[in-house]
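# Structure assessment
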Amino acid sequence: PGMFQRRGALTLLKILLIQGGRPVSRDALIETLWPEVDPQSGSNRLYVLVHTLRRMIEPDHHGQPWLYICNDGDRYYLNPHAPYSLDIEEFRECVSLGERLEREGDIATAMDAYEAAVNLYKGDLLEDEVYAEWCWGEREHLRETCLTILRRLATFYLEQHTLEKSIGSYRKALRIDVLREENHRGLMKALWLAGRRDEALRQYEVCREVLRRELDVDPLQETEEIHSLI
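Read on for a plain summary of the structure. (Residues numbered from 1 in each chain as written. Predicted model: local features only at pLDDT ≥ 70, side-chain atom pairs only at ≥ 80, totals over all residues. Heavy atoms only, no water.)

## Quick word on the overall build of the chain
What the chain contains, in helices and strands, is ten helices and three strands. The C-alpha radius of gyration of the chain comes to 23 Å, more than 25% above the 17 Å expected for a compact globule of 230 residues. Along the longest, intermediate and shortest principal axes, the C-alpha atoms of the chain span 70 × 40 × 30 Å. A separation of at least 24 residues holds for 52% of the contacts in the chain among residues at least 6 apart in sequence. Surface accessibility of the chain: about 13300 Å² in total, with carbon and sulfur atoms responsible for 50%. Charge separation in the chain, taken as the distance between the mean sites of 30 positive and 41 negative side-chain charges, equals 2 Å. (Helix = DSSP H or I, 4+ residues; strand = E, 2+ residues; numbered from the N terminus. Rg over C-alpha atoms; globule rule 2.2 N^0.38 Å. Contact = heavy atoms within 4.5 Å. Areas by Shrake-Rupley, 256 points an atom, 1.4 Å probe, with all protein chains shown as cover. Lys, Arg positive; Asp, Glu negative; His and termini not counted. Charge placed at Lys NZ, Arg CZ, Asp CG, Glu CD.)

Rendered as structure tokens:
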């Protein structure tokens, strides 16, 4: 990021990256980057940003067509056939592979694909763009997908009595979203079955404190029942 003298060029790159090769119209890009600007001024600014970004990515470009940042008329896109790797795409591919294998009944291999997916998830998408509406939807979708996959992994490991892996999956899920009460319950159960009763009881206290502090609610009846059993 420090190489970009124009912050707008970096933002443009991020916008095109999360589109996965789908073209974005000039007007949509202008509206996203400069909501209040007039169309002519916006077009000029976008032309400069596209040129800047292309030169950043392909500094040795000499006359041949641009390889990475391409356009079809006034629509711009990241060339999906260019040589690059993108963790978002790898994450989606691993999830899709896991879902297909799970449907086919190959559960163990599906879990391997899911593990590969969650290992790619290092935090929410573009965390430095906290208030950017253009990445909010994709950020939430990827987060929910990761939480779903982690619950599947944790449940599978629990059923297979691979308790440490189940505990690890629940802990990862809670680091992403500490307010998911079902994951607190799952972690309590996994710790209990692993013979770590005191930790399971402490996890209930963590759950109760977080829910009261953040949502001003008490744990659900299901959580209370597991706590009573422990």
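Moving on from the coordinates now.
## Focus: helix α7 (residues 163-176)
Each full turn of the α-helix corresponds to 3.6 residues, which orients residues three or four apart in the same direction. A rise of 1.5 Å per residue sets the reference length of α7, with its 14 residues, at 20 Å; its end C-alpha atoms lie 20 Å apart and thus fit the reference within 8%. Restricting attention to buried positions, one finds in α7 the residues Leu 163, Ser 166, Ile 167, Ser 169, Tyr 170, Ala 173, Leu 174 and Ile 176. Buried-residue contacts for α7 involve α6 (133-159), α8 (181-193) and α9 (197-215). (Expected span 1.5 Å × (residues − 1). Buried < 20%, exposed > 50% of the residue type's maximum accessible area, 1.4 Å probe, protein only.)

## Observations regarding a nonpolar patch on the surface
Nonpolar side chains collect at one region of the surface, where Val 178, Leu 179, Leu 215 and Val 217 lie side by side and expose about 270 Å² of accessible area between them. Tracing the backbone through its elements, the reader meets Val 178 in the loop between α7 and α8. (Patch = residues over 30% accessible without salt bridge, like charges linked within 9 Å, V, L, I, M, F, W, Y side chains within 5 Å. Salt bridge = Lys/Arg side-chain N within 4 Å of Asp/Glu carboxyl O.)

## Considerations on the sheet that holds strand β2 (residues 69-72)
The strand order across the open sheet formed by three strands is β1-β3-β2, and the pairing between neighbours is antiparallel. For this open sheet the edge positions go to β1 (24-25) and β2, each flanked by a neighbour on one side alone. Pairing analysis gives four bridges linking β2 to strand β3 (residues 75-78), with the strands arranged antiparallel. By the bridge assignment for β3, Asn 71 is matched with Tyr 76. Along the sheet, helix α3 (residues 39-57) makes contact with β2 and β3, crossing β2 at roughly 140°. (Pairing = 2+ DSSP bridges. Axes fitted to C-alpha atoms, helices over the stretch in contact; angles between N-to-C directions.)

## Points about the packing of α7 against α8
Running from N to C, α7 and α8 cross one another at 155°; their axes reach a closest spacing of 9 Å. In this view, α7 runs roughly antiparallel relative to α8, as classed from their interaxial angle. Of the two possible hands of crossing, α7 and α8 adopt the one that is left-handed. Listed contacts from α8 to Leu 163, Ser 166, Ile 167, Tyr 170, Arg 171, Ala 173 and Leu 174 of α7 are Asn 183, His 184, Gly 186, Leu 187, Ala 190, Leu 191 and Leu 193. (Parallel < 35°, antiparallel > 145°, perpendicular 65-115°, else oblique. Left-handed = near helix turned anticlockwise from the far one by under 90°.)

## A word on the packing of α8 against α9
Their axes nearest at 7 Å, the elements α8 and α9 cross at an angle of 170°. For the element pair α8 / α9, the angle class is roughly antiparallel. By crossing handedness, the relation of α8 to α9 is classed as left-handed. Contacts from Glu 181, His 184, Leu 187, Met 188, Leu 191 and Trp 192 of α8 reach α9 at Arg 197, Glu 199, Ala 200, Gln 203, Tyr 204, Val 206, Cys 207 and Leu 211. Here the contact of α8 with α9 is composed, by residue class, of nine nonpolar, two polar and three charged. (Nonpolar A, V, L, I, M, F, W, Y, C, P; charged D, E, K, R; others polar.)

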